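Letter by letter, the chains look like this.
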Amino acid sequence: MIYSREWETMLREDLHQLQVERLQMTLNQVYRNVSLYKDLFDEQNIEITDIKSLDDLSRLPLTSKDDLKQSYPYKAFAVPLRDIVRIHSTSGTSGTPIVVGYTKNDLNIWSSLVGRVLSSVGIDSHSLVQIAFDYSQSTGGLGFHYGAEKLGASVIPASGEEVLKQIQIMRDYRSSALISTPGYALHIANVLEKQGIDPQELNLTIGLFGAEPWSEKLRSEIESRLKIKAFDNYGLTEIIGPGVAYECEHRCGLHVSEDHFIVEVIDPKTLEVLPEGEEGELVFTTVTKHAFPLIRYRTGDISKIIPGTCECGRTFRRIARISGRIDDMLIIDGNNIFPSQIEALLFEIEGVEPHFQIILTRVEGFTAIELKVEITPDFFSFDEIKRAEDFKHRIDHYLSTRLGLHAKITLIEPQSLGRTSGEKISRVVDLREE
Amino acid sequence: MLKIKNLEAGYDKLKVLKGISLHVNSGEIVTILGANGAGKSTLLNTIASLVKPTEGEVRFKGRNVQTARPDYMVTNGCALVPEGRQLFPAMTVRENLILGAYTLYGRRDKKIANEYLSEIYSMFPVLDARKSQLAGTLSGGEQQMVAIGRALMSGPDLLLMDEPSMGLAPIIVKTIFKAVLTLRARGKTILIVEQNARAVLEIADRGYVMETGMLVIEGDAGELLNNNDVKRAYLGRDYKEFTD
């Protein structure tokens, strides 16, 4: 179902007018209220009044995670703190999180945007929605919760419950929709199997998954094992959270809520804007957010704009499902980790340049991490097993306390990791989709 | 109905509008809020073609009209209720109203004009009672009714209203804005410029906030009523009511 027909099916011509109006107002606001943007525009001699059409957008500077991190905690807010009613932040495993504020009105808009996502996959006021996302600093839990309530669905905030309890809720409360990471859905499927519960006995018909990239292969596996229809959706905490783009019943790409977000695809190397149909990095500009507006924000996610229109009647353009990252960021069960963070930790422990490899596999739906670390030759010459064990413990401790990661740690002999011709070790081996 | 892009206008070297983009859909009541000197009246005058824009585009009913003559706008269905009423005080109410029908001069047009006139009298019965009275002797509220009536005499689809609440007692403002709702119910589209944010947001569908020749906020009327920036800047002494 289409949640807000007036907007989701508006004429492209009217949409362009609206986007230009809202973009200009956003620019007027950020130039006045956010030094990050004022400085950027001034440095590059950009007159915001020269932005007269959507084509002019490309004259504005791109912004990135680093810009926002430098604004920690509140410097990128466009309104005073007294107008902020909610604060979320990115996981911040890389040290500095990005803090994102919302005004009352921002929350209202966000809930309606999530309402669009939920309606689009068939959730309505009769649905029982089980949300297994974390209700914490990340936006998944509360974002979906408010949107589902706005629709009038019955919401079961089930985050933090262990899987058997999740299954009990699902069976006894007759949940009809599950919102979680795709990995968690797979985990539930595994446990159901072990428990001998036939998914047909459940009322579950819809799965809405996100927060980590997942393949069509994984989609069909989840669908056949849970006997549901599984949908993708896209959102980032920095942009707003869930509600940026969503699949409809045709599942041929994700419609971007273009009345609130202007999407571009750029070549991550030349930074040029790419035409429709070409793959590159997604860049978003928010045009209705009051507290935390973003101008040409580089997401690092790889996708493309799908040309043509969708049969569902929505006029919003579609992006393809995320096919990867432009950087080496890993998304592990919804958390973002860079290999460089692991490198920094190992360096801190060992005091030398570490050679390591991260191997990711999927075990019962979750990501299993193995960290192989080459150790210096003297480790073996001393043959001090105790020292090696101690070393492993320290790595383990640091990983879990600093990055929240639980990994199997394997110490290996120097030079034993496979190196390519350039003497470079591939730091990540991702076998999750194999 | 109305689509404006990057509109710039001013007087001599003074640039008053610095790139305004906005739209008004058919059947909507849209308001533009802003303090004195923000450029609100200039914007309405530019739409009415009384001020020529230096840049930008005004599309009215799908046609580019930024270079049109003022009478083209009136004959094609866009009428202005100017700031401060601008009546002819030494003429009667009826004469003032008839002046608004200057685009209707044919024999058959006279009939239409008479129909409009009786519609206006039925909407504002007090004007019927005082139709022979000199406009200068009316109260502020009654004068505002005459000004609105005069604009309606050209049978507009889009009515531009420049601060209709100015200088009026709150109870009169209510009457005037109630009339605006009636007009919308009769199929008119209305763009109102106002400083009295609270009163106008009660009847408007959407609004824009204008500051020094630029638009800075847009939203549904309800959204704007709850926007703290709007509260601080334009709801003035009523601010307390909202915070308590």
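The rules behind the values
- Residue positions within a chain follow its written sequence, with the count starting from 1.
- Starting at A for chains and at 1 for ligands, labels are handed out in the order in which the entities are written.
- Given that the model is predicted, a residue must reach a pLDDT of at least 70 before its local features are reported, and side-chain atom pairs must reach 80 or more before they are shown or counted; all residues, however, enter totals for whole chains, interfaces and linings.
- Helix and strand assignments come from DSSP, with helices taken as H or I runs of at least 4 residues and strands as E runs of at least 2, each series counted from the N terminus.
- In this description the radius of gyration comes from C-alpha coordinates, and the expected globular size is given by 2.2 Å times residues to the power 0.38.
- Residue burial here comes from a neighbour count, namely the number of other C-beta atoms, placed from the backbone, that lie within 10 Å of the residue's own C-beta, with 20 or more meaning buried, 12 or fewer meaning exposed, and in between meaning partly exposed.
- Throughout, a residue-residue contact means that the two C-beta atoms, derived from backbone geometry, are no farther apart than 7 Å.
- Strands qualify as paired when DSSP identifies two bridges or more between them.
- Here the bounds of each domain stem from an automatic or database domain assignment.
- Polarity classes work like this: nonpolar for Ala, Val, Leu, Ile, Met, Phe, Trp, Tyr, Cys and Pro, charged for Asp, Glu, Lys and Arg, and polar for all others, with Gly in that last group.
- Residues enter a nonpolar core if they are buried, belong to Ala, Val, Leu, Ile, Met, Phe, Trp, Tyr or Cys, and are joined to the set through C-beta atoms within 7 Å.
- Axis definition: a line fitted to C-alpha atoms, limited for helices to the stretch in contact. Angles are taken between N-to-C directions and run from 0 to 180 degrees.
- One fewer than the residue count of a helix, multiplied by 1.5 Å, yields its expected span.
- Comment on the angle field: the value is read as roughly parallel under 35 degrees, roughly antiparallel over 145, roughly perpendicular from 65 to 115, and oblique elsewhere.
- For any helix crossing, the convention is left-handed if the near helix is rotated counterclockwise from the far helix by under a right angle, and right-handed if that rotation is clockwise.
- Confidence of the predictor in every single residue is expressed as pLDDT, which spans 0 to 100.

### Some remarks on the overall build of chain A
Counting secondary structure elements, chain A contains 12 helices and 21 strands. Relative to its length of 434 residues, chain A is compact, with a C-alpha radius of gyration of 23 Å against a globular reference of 22 Å. Over its C-alpha atoms, taken along the principal directions, chain A stretches across nearly 75 × 60 × 45 Å. Split into buried and exposed, the 434 residues of chain A put 43% on the buried side. In chain A, 66% of the contacts between residues at least 6 apart in sequence involve partners at least 24 apart.

### Some thoughts on the overall build of chain B
Scanning chain B for helices and strands turns up 11 helices and 10 strands. By its C-alpha atoms, chain B is 50 × 45 × 30 Å across when sized along the principal axes. Among the 244 residues that make up chain B, the fraction classed as buried is 50%. The long-range fraction of contacts in chain B, counting pairs at least 24 apart against all pairs at least 6 apart in sequence, stands at 67%.

### Focus on the pairing of strand β4 (residues 55-60) of chain B
All names here are of chain B. Pairing geometry for strand β1 (residues 2-11) and β4, over 5 bridges, is antiparallel. Bridged to Ile4 within β4 is Val58. Sheet topology note: the β4/strand β5 (residues 63-64) ladder contains 2 bridges and is antiparallel. Following the sheet pairing, Arg59 is matched in β5 by Asn64. Counting the residues that bridge the hairpin from β4 to β5 gives 2 residues, and of these Lys61 lies at a positive phi of roughly 50 degrees.

### As for the domain arrangement of chain A
All names here are of chain A. For chain A, the domain assignment lists domain 1 (5-327) and domain 2 (338-430). Once you take the C-alpha centre of each, domain 1 and domain 2 turn out to be 33 Å apart. Listed by partner, the interface residues are 8 residues for domain 1 and 8 residues for domain 2. Looking at the side of domain 1 that touches domain 2 residue by residue, the class counts come to 3 nonpolar, 5 polar and no charged.

### Regarding the interface of chain A and chain B
Frequently, the measure chosen for interface size is the accessible area removed from exposure when the parts meet. Contacts between chain A and chain B engage 13 residues on the former and 17 residues on the latter. At the level of secondary structure, the elements contributing two or more residues to the side of chain A that touches chain B comprise α2 (12-33) and α5 (104-120) of chain A. A total of 8 residues in the side of chain A that touches chain B trace back to one element, the largest contributor, which is α2 of chain A. The class makeup of the residues in the side of chain A that touches chain B is 2 nonpolar, 6 polar and 5 charged.

### Remarks on the sheet that holds strand β15 (residues 324-325) of chain A
Residue and element names in this part refer to chain A. Sheet architecture is open: 4 strands sit in the order β10-β11-β12-β15, paired in antiparallel fashion. Two strands close off the open sheet at either side, each with one partner strand: β10 (261-266) and β15. Two strands pair when backbone bridges link them, and β10 and strand β11 (residues 280-286) are joined in this way by 6 bridges, in the antiparallel orientation. Bridge pairing in β11 links Val263 to Phe284.

### Structural notes on the nonpolar core
Judged by nonpolar contacts, the single largest core of 89 residues is most densely connected at Val129, Ile131, Ile179, Ala185 and Phe284 of chain A. Among all residues touching Phe284 of chain A, those that are not within four sequence positions of it are Ile239, Phe261, Ile262, Val263, Leu294, Tyr297 and Thr299 of chain A. Within the second largest apolar cluster, 75 residues are counted, among which are Val24, Leu159, Met210 and Val230 of chain B.

### A few points about the sheet that holds β5 of chain B
The strand order across the open sheet built from 4 strands is β2-β1-β4-β5 (chain B), with neighbouring strands paired in antiparallel fashion. Each of the sheet's edge strands pairs with one partner strand only, and the pair in question is β2 (14-24) and β5 of chain B. Contacting β1 and β2 of chain B, α2 of chain A crosses the sheet at an angle of about 140 degrees to β2 of chain B. Strand contacts of helix α1 (residues 40-47) of chain B: β1, β2 and β4 of chain B, with the helix running at about 65 degrees to β2 of chain B, the strand carrying the most contacts.

### Things to note about α5 of chain A
All names here are of chain A. Spanning 17 residues, α5 covers 25 Å between terminal C-alpha atoms, matching the ideal 24 Å at 1.5 Å per step. Most of α5 is tucked away: 13 of the 17 residues are buried. A positive phi of about 105 degrees marks Gly122, the residue just after α5.

### Brief notes about α1 of chain B
Residues and elements named next belong to chain B. The buried fraction of α1 is high, at 8 of 8 residues. Inspection of α1 places Lys40, Ser41, Thr42, Leu43, Leu44, Asn45, Thr46 and Ile47 among the buried residues, and these make up the whole buried set. Looking at the residues trailing α1, positive phi occurs at Ser49, about 70 degrees.

### A short note on the environment of Lys75 of chain A
Residue and element names in this part refer to chain A. Take Lys75: it is sitting in the loop between α4 (65-70) and β1 (84-89). Owing to 12 C-beta atoms within 10 Å, Lys75 belongs among the exposed residues under this scheme. In this structure the C-alpha to C-alpha distance between Lys75 and Ser35, which are 40 residues apart in sequence, comes to 7.6 Å. Those residues within four positions of Lys75 in sequence are excluded, and the remaining contacts are Ser35 and Leu36.

### Quick look at unusual backbone geometry
Glycine aside, the phi torsion of most residues is negative, and most peptide linkages are trans. All names here are of chain A. The omega torsion across Tyr72 and Pro73 is -10 degrees, close enough to zero to call that bond cis. Positive phi is not limited to glycine here, since Arg296 has a value of about 45 degrees. Its place among the elements puts Arg296 in the loop between β11 and β12 (297-303). What makes Arg296 buried here is the crowd of 21 C-beta atoms within 10 Å.

### Description of the packing of helix α6 (residues 140-152) of chain B against helix α7 (residues 170-185) of chain B
What describes two packed helices is the angle between their axes and the distance between those same axes. Residues and elements named next belong to chain B. Contact pair α6 / α7: the axes reach a minimum separation of 10 Å and the direction vectors enclose 15 degrees. It follows from the interaxial angle that α6 and α7 lie roughly parallel. Of the two possible hands of crossing, α6 and α7 adopt the one that is right-handed. Contacts from Gly141, Gln144 and Ile148 in α6 reach Ile172, Thr175, Ile176 and Ala179 in α7. Partitioning the contact of α6 with α7 into residue classes produces 4 nonpolar, 3 polar and no charged.

### Notes on the environment of His250 of chain A
Mapped onto the elements of the fold, His250 of chain A is located in the loop between β8 (241-247) and β9 (254-256). In this structure the C-alpha to C-alpha distance between His250 of chain A and Cys310 of chain A, which are 60 residues apart in sequence, comes to 7.9 Å.

### Considerations on the confidence of the model for chain B
Residues and elements named next belong to chain B. Model confidence for chain B is summarised by a mean pLDDT of 90, while 95% of its residues fall at 70 or above. Per-element confidence in chain B ranges from a low mean pLDDT of 43 for helix α11 (residues 239-243) to a high of 97 for strand β7 (residues 158-162). For the stretch residues 237-244, pLDDT sits under 50, and the model shows 5 contacts to residues farther than four places along the chain or on other chains.

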